[in-house]
Structure formats: C-alpha cells, structure tokens
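Chain and residue survey
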Amino acid sequence: MDFNGLDQPSTQPTVRIQDRPFELEGITQQLTATDDLEVAFSRIPQEVHLGAQITCHIVVEGRPRGLHPLIRREAYRIGREALLNAFRHSEASRVEVELQYAPRRLLIAIRDNGKGITPELFHSGTVGHRGLSAMKDLAEQIGAKLKLLSRVAAGTEIELSIPGHIAFVSRTNSRRWAYVWSRNA
C-alpha cells in the first residue's frame, strides 16, 4: 500500500528552522557535532538491544558530503524515529538503512521486511502512532519530501529526500541558513 498522503510537493521549499525542540517519541540519544549519519545510525541498534532476532545493515551510496548541521540533526531525528519504529513494531528480521549522497539530493531510506502497516492502523491516529505525522511535519520544516510505502506482510519503507541545495554545505547555502536562522531565533 502506498501512503502518498505523506508525500510533499516538489515545489521550491520554504525552510523553517525552529529554535525550540521538536520532539519525536523515544529520542534520547543526541547527535554529536562530529558524527556523520552513518556513525550515528549505526549506534541505534546497540542502544535498542536487538540481539540476534533482527539484522541491521547500513548502505552508503555516493561520496559522503558535508551536511548543514541543522539538516544533519533533523535528518537524523527522522531516520532514528523510522528505525525505532521498525525495531519496535515491524516484527522484521532485517532492517536496512540506505544513505545516498546524490549530486542533487540526500536520500535516507529505512526499509524492513516486517509485517507492514495496515491502512486501519495508519489512519487510526491512536496514541503511540504519532511518530509518522511528527516525521512528516519535521520533513516539511526542513524543505524535504517524506514518502512511506508499506504492504501488509511485505514490510515498510520510509524515504526522506532532501534537496542538495538545502542539505549539503556550500558557501551559498551557509549564508542562506545564517539568514534563516537569525530570522527564526
């Protein structure tokens, strides 16, 4: 089942970074200033104490590039929530994190081979299942696109796609981020 309701329009994003924290359930570990996403995501399975029942693989495609610190933090928070959901709720035996550094975007995909998300559960809005809408809201705030694909008994995939001009550090976007940050602080 394709829940395109989480897709974001592909128009030019309006980036809003809030100074106050935006909490996602279950996030306790902080991303340090020196962590790259691969290192940070690799620590999550150890923190959750998966044991042998779930294998987790991280695949990096492309040459890792410097990320704007705010984008790195928010991308980590979204990816972490997706990973925690897979570990806690999917009943999967395999979870994969893909980090793709493409010329025009950063893609983070979290895939599992678990039980999938039923449409009833997705649309129920019950307490404890607010992580998906929180991830969607956070993706909107950073000008990213969030996509969720799931089939019952076939697993779930969550993709976060961040345009390169927003994600990757360059002189141009460093100046723009400084301006956006100072306006919102």
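Further up the page is the structure itself.
Attention in this report is confined to the structure presented alongside it. (Residues numbered from 1 in each chain as written. Predicted model: local features only at pLDDT ≥ 70, side-chain atom pairs only at ≥ 80, totals over all residues. Heavy atoms only, no water.)

**Quick word on the nonpolar core**
When a protein is soluble and globular, its nonpolar side chains tend to lie buried together. Test applied: We define the nonpolar core as a collection of buried residues of types Ala, Val, Leu, Ile, Met, Phe, Trp, Tyr and Cys that are connected through side-chain atoms lying within 4.5 Å of one another. Any residue under 20% of the maximum accessible area for its type is buried, any over 50% is exposed, and the rest in between are partly exposed; the area is computed with a 1.4 Å probe on protein chains only. Note on conventions: DSSP H or I runs of at least 4 residues are helices, E runs of at least 2 residues are strands, and numbering of each starts at the N terminus. By the convention used here, residues are in contact when the closest approach between their heavy atoms is within 4.5 Å.
Counting residues in hydrophobic clusters, the biggest one holds 39 residues, and the most contacted among them are Leu 37, Phe 41, Leu 106, Ile 108, Leu 160 and Ile 162. A total of nine residues in this core trace back to one element, the largest contributor, which is helix 2 (residues 69-89). Contacts of Leu 160, omitting those with residues within four sequence positions, involve Ala 75, Ile 78, Leu 106, Leu 107, Ile 108, Ala 139, Ala 144, Lys 145 and Leu 146.

**Topic: helix 4 (residues 131-141)**
Turning to helix 4, its buried residues number three or more, namely Gly 131, Leu 132, Ala 134, Met 135, Leu 138, Ala 139 and Gln 141. Where helix 4 terminates, the next one or two residues include Gly 143, which has phi positive at roughly 75°.

**Comments concerning the pattern of salt bridges**
To keep it simple, the criterion reads: Here, a salt bridge means any Lys or Arg side-chain nitrogen found within 4 Å of an Asp or Glu carboxyl oxygen.
Throughout the structure, instances matching the rule amount to nine salt bridges. Where Glu 74 meets Arg 77, a salt bridge forms, and the shortest distance between an N and an O atom there is 2.7 Å. Taken as a pair, Glu 74 and Arg 77 lie in helix 2 at a separation of three residues, close to a single helical turn. You can call Glu 74 buried: its relative accessible area is 4%. Linking Glu 140 and Lys 136 is a salt bridge whose minimum nitrogen-to-oxygen distance equals 3.0 Å.

**What about the packing of aromatic side chains?**
Formally: Centre distance within 6.5 Å is the pairing criterion for rings of Phe, Tyr and Trp, where only the six-membered ring of Trp is used; planes under 30 degrees apart are then read as stacked, over 60 as edge-to-face, and the remainder as tilted.
Across all of its chains, the model carries two aromatic pairs by this definition. Their ring planes at 25° and their centres at 5.6 Å tell us that Phe 41 and Tyr 76 sit as a pair that is stacked. With Phe 41 in helix 1 (residues 37-48) and Tyr 76 in helix 2, this pair connects stretches of sequence that are 35 residues apart. A residue is classified by how much of its surface remains accessible, and Phe 41, at 0% relative accessible area, is buried. Residues Tyr 101 and Phe 168 carry aromatic rings whose centres are separated by 6.4 Å and whose planes lie at 35° to one another, so their mutual orientation is tilted. With a gap of 67 residues between them, Tyr 101 in strand 3 (residues 94-102) and Phe 168 in the loop between helix 5 (164-167) and helix 6 (171-184) connect regions that are remote in the sequence. Among the residues examined, Tyr 101 registers a relative accessible area of 9% and is labelled buried. For Phe 168, a relative accessible area of 2% gives the class buried.

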